[in-house]
Amino acid sequence: KETCSRETCAISLALSDNMTTIFASSSSSSVCLSRSSSSATSKLCLRRSKKWIPLSEGGRRRTKTLRVWREINEHVTAVVDASFREEEDEEEDEEETEGLGGVVSDAAALEMYLRLESGKQRECVETFVSEEAREKTLSATSVVDVEERRGDEKNGNETITKSMKLREAERAADILRTHGLVFLKSVVPEETCDEILADLNAICDECKETYGDALRRTDVLLGVGDDNGDDSGDGKINGVKKALEFACKEEGGNIRNILSFVEDATEDAVLVELSVLATEKGADRQVLHPDVAYDAPHETLYSVFIALQDVTQDMGPTLFVLNSHDKQTHDQLPKTKWTEKEFDVLRTKRAVEALLKKGDAVLYNARAFHQGGENTSGRRALLTLTFLKPPVPPEPTRRNKECLWSIREDVFRRQITAKDLATGGE
């Protein structure tokens, strides 16, 4: 059998970070991926009928959409395992592959490649910040401050002064500027997290009735209307407005003040993404990636992951590579075709995992490299907000060119700022 050349591999994997398309040479082609145990380089071959051929010997190149994302309704999408088959999928041609042990679709082959690549990346992250060091260097507040604040919230006391909150916000902005992320405590009250999670679970459970154990992730775009019901429609989740306002205001999560100290954000940064991301048991680790291209024609994005329940190690917490939001790291770590050179760069970096308590959050520069972990436990739900300093383009410039804003159109049109959320629009 012929083996693909390195040039062929480079062409074939050009869209692998997209996670929805892969090159194929004909409508009947299938994809086989294999990895040598002694090398970090993956080999990709395309097969037509019973013959293995390099892509250069094939016919016209085309892209093939992989049915991994499923649209549930206008506001809800799901990611399912590549092994899940629906009636229309059964009509697609598939062939046996000796290297993968059975019938394998394009989606399954791509899924296997990504699993191997992300696993290798995770292995190369050798230095992690300890929990104690994280509290000292990556958190805007001390544990004592947090416990006092949580106690005050339950008792209805307002003991944290304005000057203390501004100092806390300035410290958070310094950490964010230096390391590319900062950990925040009590960003959303626990009872509000429970309210959101209850409605989210109903949506996810409905998806699970359709896809069973093949369900890997559910994304729900959120409205910010009145929590008592004015924001009707599919994917309705209560508590969102309360969560956003508390997260941004000074006596809450303080996000508005933090962004005001960040030059490429400011308190006038616009909410451009708003959703809940829920991963299920069995969800694979993501490949390492930033959420925005370094040379994007707009300002960088600032995103917030808020834990709707405690995020434990077996739920696959997001791993962040510290100080990776700079141009040098973007130049060193390509989108695809990682070799030992790139893995060696990764070995020199420090990382931290977003192990969060309910209501806590991580605020990060979207240029920072990160990856969601493998979920071996149960549902992990994160309320996700993203802000962008105006002007706001119709779509973001990401390394993955296919991604749009993850937000409902009616919310996007309102151009809600961090200041608006902190002040209730006053």
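Throughout what follows, the structure given in this document is the object of discussion.

Some details on the overall build of the chain
Then, in step 1: A count of helical and extended segments in the chain gives 12 helices and 19 strands.
Then, in step 2: The proportion of buried residues among the 426 residues of the chain is 55%.
Then, in step 3: Within the chain, residue pairs in contact and separated by at least 24 positions form 81% of the contacts whose partners lie at least 6 positions apart.
Then, in step 4: Summed over its atoms, the accessible surface of the chain is roughly 19300 Å², and 46% of this surface lies on carbon and sulfur atoms.

Topic: the sheet that holds strand β13 (residues 270-279)
Then, in step 1: With antiparallel pairing, the 8 strands of this open sheet are ordered in space as β6-β7-β12-β13-β19-β14-β17-β11. Of all the strands in the sheet, the pair left with one neighbour each is β6 (69-73) and β11 (181-184). When strand polarity is set aside, the average angle formed by the axes of neighbouring strands in this sheet is 20°.
Then, in step 2: Here 5 bridges tie strand β12 (residues 215-221) to β13, and the two strands are oriented antiparallel to one another. From the neighbouring strand, L221 faces β13, where its bridge partner is S275.
Then, in step 3: Where helix α5 (residues 162-179) meets the sheet, it contacts β11, β14 (301-307) and β17 (361-365), and its direction lies at approximately 145° from that of β11.

Points about the packing of aromatic side chains
Then, in step 1: With the rule as written, the count across this model stands at 4 aromatic pairs.
Then, in step 2: Pairing F320 with Y364 gives two aromatic rings, centres 5.0 Å apart and planes at 55°, and the pair type is tilted. Taken together, the positions of F320 in strand β15 (residues 319-321) and Y364 in strand β17 put the pair 44 residues apart, joining distant regions of the chain.
Then, in step 3: Through successive ring pairs, a cluster of aromatic residues spans F305, F320 and Y364.
Then, in step 4: In this arrangement the basic side chain of K120 is found over the ring face of F343, its NZ or CZ atom lying 5.4 Å from the centre.
Then, in step 5: The side chain of R134 reaches across the aromatic face of F183, ending 3.9 Å from its centre.

What to know about the pattern of salt bridges
Then, in step 1: Evaluated as defined, the whole model comprises 24 salt bridges.
Then, in step 2: The shortest N-O distance in the salt bridge between D174 and R177 comes to 2.8 Å. Placement of both D174 and R177 in helix α5 is noted, with a separation of 3 residues, approximately one turn of the helix.
Then, in step 3: Look at D174 and you get partly exposed, because its relative accessible area is 39%.
Then, in step 4: For D410, the salt bridge is made with R408, and the minimal N-O distance between the two is 3.0 Å.
Then, in step 5: Take R408: its relative accessible area is 6%, and that puts it in the buried class.
Then, in step 6: Here the residues in one salt-bridge network are K120, E126, E340, D344 and R347, joined through shared partners.

Details of the nonpolar core
Then, in step 1: Core analysis: the largest hydrophobic core is formed by 83 residues, its most contacted members being L274, L383 and F387.
Then, in step 2: A total of 8 residues in this core trace back to one element, the largest contributor, which is helix α6 (residues 190-211).
Then, in step 3: If near-sequence neighbours (up to four positions away) are discounted, F387 is found in contact with C248, I255, L259, A269, V270, L271, V272, T300, L301, Y302, A418 and L421.
Then, in step 4: Membership of the second largest hydrophobic core comes to 12 residues, among which are W338, V345, A351 and F369.

Section: the sheet that holds strand β18 (residues 370-371)
The strands that make up a sheet pair up through hydrogen bonds in the backbone, lying either parallel or antiparallel.
Then, in step 1: Pairing is mixed across the open sheet formed by 4 strands, whose spatial order is β10-β16-β15-β18. Each edge of the open sheet is held by one strand with a lone partner, namely β10 (127-128) and β18.
Then, in step 2: Sheet analysis places β10 next to strand β16 (residues 350-353), joined by 2 bridges and oriented parallel. Counterpart to T127 in the pairing with β16 is R350.

Side note on the environment of N238
Then, in step 1: Within the element layout of this structure, N238 appears in the loop between β12 and α7 (240-248).
Then, in step 2: Separated by 42 residues in the primary sequence, N238 and I196 place their C-alpha atoms 5.8 Å from one another.

Overview of the pairing of strand β7 (residues 76-80)
Then, in step 1: For β7, the buried fraction is high: 4 of the 5 residues fall into the buried class.
Then, in step 2: Direction of pairing for β6 relative to β7: antiparallel, over a ladder of 4 bridges. Each residue of the ladder has a partner; that of W69, found in β7, is V79.
Then, in step 3: Counting the residues between successive antiparallel strands, the hairpin from β6 to β7 contains 2 residues.
Then, in step 4: Bridge count for β7 against β12 is 5 bridges, and the pairing is antiparallel. Residue pairing in the sheet places A78 in a bridge with T218 of β12.

Focus: unusual backbone geometry
Then, in step 1: Each neighbour pair has its own omega, and for P390 with P391 the value is 5°, a cis peptide bond.
Then, in step 2: Mapped onto the elements, P391 comes out in the loop between β19 (380-388) and α11 (409-414).
Then, in step 3: A positive phi is found at N254, a non-glycine position, where the angle reads about 70°.
Then, in step 4: Along the chain, N254 turns up in the loop between α7 and α8 (255-260).

Digging into the packing of α6 against α7
Then, in step 1: Relative orientation of the contacting elements α6 and α7 amounts to 145°, with a least axis distance of 9 Å. As α6 runs across α7, the sense of the crossing is left-handed. Here T192, E195 and I196 of α6 lie close against α7, whose contacting residues are V240, K242 and A243.
Then, in step 2: In terms of residue class, the contact of α6 with α7 is made up of 3 nonpolar, 1 polar and 2 charged.

Rules of the game
- Residues numbered from 1 in each chain as written.
- Predicted model: local features only at pLDDT ≥ 70, side-chain atom pairs only at ≥ 80, totals over all residues.
- Heavy atoms only, no water.
- Helix = DSSP H or I, 4+ residues; strand = E, 2+ residues; numbered from the N terminus.
- Buried < 20%, exposed > 50% of the residue type's maximum accessible area, 1.4 Å probe, protein only.
- Contact = heavy atoms within 4.5 Å.
- Areas by Shrake-Rupley, 256 points an atom, 1.4 Å probe, with all protein chains shown as cover.
- Pairing = 2+ DSSP bridges.
- Axes fitted to C-alpha atoms, helices over the stretch in contact; angles between N-to-C directions.
- Phe/Tyr/Trp six-rings, centres within 6.5 Å; stacked < 30°, edge-to-face > 60°.
- Lys NZ or Arg CZ within 6 Å of the ring centre and 35° of its normal.
- Salt bridge = Lys/Arg side-chain N within 4 Å of Asp/Glu carboxyl O.
- Core = buried A, V, L, I, M, F, W, Y, C linked by side-chain atoms within 4.5 Å.
- Left-handed = near helix turned anticlockwise from the far one by under 90°.
- Nonpolar A, V, L, I, M, F, W, Y, C, P; charged D, E, K, R; others polar.

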